[in-house]
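The primary structure of each chain is shown beneath.
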Amino acid sequence: MSGIRFEGVWKLFEGSAVVSDLNLDVRAGEFIVLVGPSGCGKTTSLRMLAGLERPSHGRIFIGDRDVTDVPTGERDISMVFQSYALYPNMNVYRNLAFGPRVRKEPRATLDARINEVAELLQIKHLLKRTPAALSGGQRQRVALGRALIREPQVFLMDEPLSNLDAALRVQMRAELIRLHQRLEKTTNVYVTHDQVEALTMGDRVAVLKDGVLLQVDSANDLYEHPSSVFVGEFIGSPKMNILEGTLSFSGDSCTVEVLGVRADVSERVAGRLREGVVSGPVLVGIRPHDLFPATGSTGESPAISATVDISEHTGAEVFATMETGPSRVVARLPRVPTPDRGERVDLAFRAGAVHLFDRDTQLSLLDRGTPSRRTSAPADISQQVR
Amino acid sequence: MTVMTSPEGTVAGPDLERLWKTRRDRDRFQWSSLALMTPAFGLLIILFLIPMGYAVYLGLTNLTLVGPDSVKWGFTGLQNLSRLRQDSTFWTSLWVTGGFIGGSIVGVLVAGYWLASLLMRARPWMRIVVGGVVVVSWMMPAVTAGMTWYASTTQGGALGTLIGMRNTNFLDSWPLVIVTLANIWSMTGFSMLVIGAALRNIPSEAIEAAMVENASAWQRFRSIVLPLLRPTMIAVVLLTALLSLANFGLIYIMTQGGPGNATNILPLYSYQQAFSFNNLAYGALIGNVMVLLATVFGVLYVRVAAPRS
């Protein structure tokens, strides 16, 4: 069992930093997902861990061993590439057997192990075929099998599902999770640009942007406590509404003025407000799930009058882009009756679910604080990861 | 040829029949297409097949360039063949040809792969400059290449000056080696281009995957690069063989087949017999042997290069 540690790792390409000062601790046996938009440095970080790129500065550890200068083949890792990288000139059996053979592992047990892995991945009937004769999903399984044969300390996956169609992707996602549960001793590092994949699969998720690690947290914490506007918008679909607002304190109560209404957020900020936050303009984040037709119940903001512009049916719910005053927001509307374009709807948001960000630094003004009292959060997550 | 009709037992009718004919997967051969191919066939027959047949016939006659047999000549059956069998110069020439082609193949392959893999890692401007120079050497007429190599490898030439052996005549001391080197030099550009293109087609992630598996550089080359380059390499081998066999000009300029018969490859010997010794018929017979050799290479080339079904 070994964890992984990045210590102040930088990677420069032609003078610009692709990865800046990456510090990340991955616990042994953990499934961590690196997620971010393309060009955020997630694949470069993975390749540095694999030894396919050398960091410009900093050290990388696998377990207690400093592997920064260890050749890739001696790091005891397995990697699944985005393109699968099967050896085109070998059939499936030889693809699986290649690693053990070059490492001169005993031949006697090889057959049995290949059969075992092939059975696990349901590719036993394909052993004699060449990669060219396989479908995308089958190639993906072979690539996975080739990585599994090694029984490595660390299992690296670089967008392994991105070349599959949607249905197969969901199926393979579930299989990867099951696989990880079986191989609980292996540490997994998984790179994806798909936040849904990240939230479903990772024990923890690391969000990167422009080579900077923004936040590492469990899926739930990432969703509930985004540390910055970027994370708030990147995690969750449809993405969080970010609006200009004003925060004001008077006595014990704290209110935020946004979308033309003033809502009491005392309970939300109690004990969680970062030091030095004073009254004034802020950025207010409201998730579409927390913005819905007003019902007048407690905990809701006063009603906001809005007009439906475009509504999008996602199956379980309807999300609509609405116009209210100068702002456009995305809100959750009932499925029946489906709101028409131009229809007026009174919206309200859940005051206990607003996110507050600094206008200049875009960082969250709220600490994680005591565990949230919201009870409906897990339901929201489950909708995210449909 | 045949238009498929609807399978029996299905609802047949004129409409269905017509629909069936619009299917794009039906056999679309039409006899009229033969007419369109006639000019090409005609040219092939007039310019290739008839002269070939005539050359085969000539090889079995006693035609000479001058003398009585140049006027009154005729079919002599297998006489020339038995002469060929006992002609030690012919057998020497065959060996020399084999050495020349074999050496060229090895050299062209190794040098081409070496240059191509070096250029893969080179900076773009370097790739353009080196690639350009090498291609120029390939485009250079055999006469120019031959003159250049002749001048550089004889006594007082560039090669001797460079390695401090000004008084050695390399071309005289190792004639077959030098002409083979010259041939390799002139054909490496082509093999570098072809092998370079094939190298760029090898997925880099497959190589990286092998690195992750702890395969050594040699194992990666042996198990992945080489098998993927195989079809390209075979094509290079066969094309080198064919082009070397036809590279009359280079050797004629450099040594004219000498000294002795040291570089006397078949095309030179054929020319020698036909036009120096005036034995037109015998020269044609040696030419036919070359045609046979070339056919073997050609058939192999077509088989390897043809897409597999």
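Thresholds applied
- Residues numbered from 1 in each chain as written.
- Chains lettered and ligands numbered in written order.
- Predicted model: local features only at pLDDT ≥ 70, side-chain atom pairs only at ≥ 80, totals over all residues.
- Heavy atoms only, no water.
- Helix = DSSP H or I, 4+ residues; strand = E, 2+ residues; numbered from the N terminus.
- Contact = heavy atoms within 4.5 Å.
- Lys, Arg positive; Asp, Glu negative; His and termini not counted.
- Charge placed at Lys NZ, Arg CZ, Asp CG, Glu CD.
- Pairing = 2+ DSSP bridges.
- Axes fitted to C-alpha atoms, helices over the stretch in contact; angles between N-to-C directions.
- 1 Å grid on protein atoms, 1.4 Å probe; cavity = no way out; pocket = protein on both sides within 12 Å on 5 of 7 lines; lining within 4 Å.
- Points joined across faces, edges and corners; volume = space filled by probe spheres on them.
- Nonpolar A, V, L, I, M, F, W, Y, C, P; charged D, E, K, R; others polar.
- pLDDT = per-residue confidence, 0-100.
- Parallel < 35°, antiparallel > 145°, perpendicular 65-115°, else oblique.
- Left-handed = near helix turned anticlockwise from the far one by under 90°.
- Buried area = accessible area lost by both parts, 1.4 Å probe.
- Salt bridge = Lys/Arg side-chain N within 4 Å of Asp/Glu carboxyl O.
- Polar contact = N/O pair within 3.5 Å; in protein donor to acceptor, adjacent residues only side chain to side chain.

Draft legend 1. Fine view of the overall build of chain B. A count of helices and strands for chain B gives 14 helices and 0 strands. Each principal axis of the C-alpha distribution contributes one length, and for chain B these read about 90 × 70 × 30 Å. Within chain B, counting contacts between residues at least 6 apart in sequence, those at least 24 apart form 64% of the total. Taken as two groups, the 19 positive and 11 negative side-chain charges of chain B have centres that lie 8 Å from each other.

Draft legend 2. Just the side chain of S244 of chain B, in detail. Considering the arrangement of structural elements, one finds S244 of chain B in helix 11 (residues 217-245). What S244 of chain B contacts, discounting residues up to four positions off in sequence, is F100, I101, S104, N183, M187 and I265 of chain B.

Draft legend 3. Molecular detail of the sheet that holds strand 18 (residues 327-333) of chain A. Residues and elements named next belong to chain A. Pairing is antiparallel across the open sheet formed by 5 strands, whose spatial order is 15-19-16-17-18. Of all strands in the sheet, those bounded by a partner on one side alone are strand 15 (291-293) and strand 18. Across the sheet, the mean angle from the axis of one strand to that of its neighbour is 50°, orientation sign disregarded. Pairing of strand 17 (residues 318-324) with strand 18, which is carried by 7 bridges, proceeds in the antiparallel orientation. Bridge pairing in strand 18 places M322 opposite V329.

Draft legend 4. Molecular detail of the layout of surface pockets. All names here are of chain B. Estimated volume of the largest pocket: approximately 500 Å³. Around the largest pocket, the lining comprises 14 residues; the ones closest to its centre are M120, R121, L199, I207 and V225. Of all the elements in the fold, those that place two or more residues in the lining of the largest pocket are helix 4 (88-121), helix 9 (175-201), helix 10 (204-212) and helix 11. Counting residues per element, the lining of the largest pocket draws most heavily on helix 11, which supplies 5 residues. Taken together, the residues of the lining of the largest pocket break down into 9 nonpolar, 2 polar and 3 charged.

Draft legend 5. Structural context of the environment of P288 of chain A. Residues and elements named next belong to chain A. Examined against the element boundaries, P288 turns out to sit in the loop between strand 14 (280-286) and strand 15. Sequence-wise, P288 and R332 are 44 residues apart; in three dimensions their C-alpha atoms are separated by 5.6 Å. Ignoring sequence-local partners within four residues, the contact set of P288 consists of P238, K239, M240, N241, F319, V330, A331 and R332.

Draft legend 6. Quick peek at the pairing of strand 2 (residues 16-26) of chain A. Residue and element names in this part refer to chain A. Pairing geometry for strand 1 (residues 4-13) and strand 2, over 7 bridges, is antiparallel. Its bridge partner being in strand 2, F13 is matched across the sheet by S16. Hairpin connection between strand 1 and strand 2: a loop of 2 residues separates the two successive antiparallel strands, and E14 in this loop has a positive phi of roughly 50°.

Draft legend 7. Structural context of the confidence of the model for chain B. All names here are of chain B. In this model, chain B carries a mean pLDDT of 82, and residues with pLDDT of at least 70 account for 92%. Every residue in residues 1-9 is under pLDDT 50, and counting partners more than four places away or in other chains gives 13 contacts. Interface confidence for the predicted complex, expressed as ipTM, amounts to 0.77; the pTM equals 0.74.

Draft legend 8. Just empty space enclosed by the protein, in detail. One pass over the structure, following the stated rule, counts 3 cavities of 30 Å³ or more. A volume near 80 Å³ is recorded for the largest cavity. In terms of lining residues, the largest cavity is bounded by I77, S78, M79, F81, R146, A147 and R150 of chain A together with A209, V212 and E213 of chain B. Those elements that provide at least two residues to the lining of the largest cavity are strand 6 (77-80) and helix 4 (136-148) of chain A together with helix 10 of chain B. Of the residues forming the lining of the largest cavity, the biggest block, 3 residues, is contributed by strand 6 of chain A. Partitioning the lining of the largest cavity into residue classes produces 6 nonpolar, 1 polar and 3 charged.

Draft legend 9. Spatial organisation of the packing of helix 2 (residues 92-102) of chain A against helix 3 (residues 110-120) of chain A. Residue and element names in this part refer to chain A. Their axes nearest at 10 Å, the elements helix 2 and helix 3 cross at an angle of 130°. By the criterion of interaxial angle, the relationship of helix 2 to helix 3 is oblique. Judged by the sense of rotation from one axis to the other, the crossing of helix 2 with helix 3 is right-handed. Here Y93, L96, A97, P100 and R101 of helix 2 come into contact with helix 3, specifically with L110, D111 and I114. When grouped by side-chain class, the residues that make up the contact of helix 2 with helix 3 number 6 nonpolar, no polar and 2 charged.

Draft legend 10. Quick peek at the environment of V258 of chain A. All names here are of chain A. Checked against the element boundaries, V258 lands in strand 12 (residues 253-258). Here the alpha-carbon distance between V258 and S301, two residues 43 residues apart in the chain, equals 9.8 Å. Apart from residues no more than four positions distant in its own chain, V258 is found in contact with L243, E244, G245, V284, I286 and F349.

Draft legend 11. Main features of the interface of chain B and chain A. Facing 16 residues of chain B, the contacting portion of chain A comprises 24 residues. Across the chain B/chain A interface, buried area totals approximately 1700 Å², and carbon plus sulfur atoms make up 59% of it. Three residues, E205, V212 and E213 of chain B, lead the burial of chain B against chain A; their summed loss comes to 40% of the area buried on that side. Connecting chain B to chain A are 3 salt bridges. When the shortest N-O distance is used, the salt bridge between R47 of chain A and E208 of chain B registers 2.6 Å. On the surface where chain B and chain A come into contact, there are 9 residue pairs in polar contact (both at pLDDT 80 or more). Of all elements in the fold, only helix 10 and helix 11 of chain B reach the threshold of two or more residues within the side of chain B that touches chain A. When residues of the side of chain B that touches chain A are assigned to their parent elements, the largest contribution, 7 residues, is made by helix 10 of chain B. Its residues placed into classes, the side of chain B that touches chain A shows 10 nonpolar, 3 polar and 3 charged.

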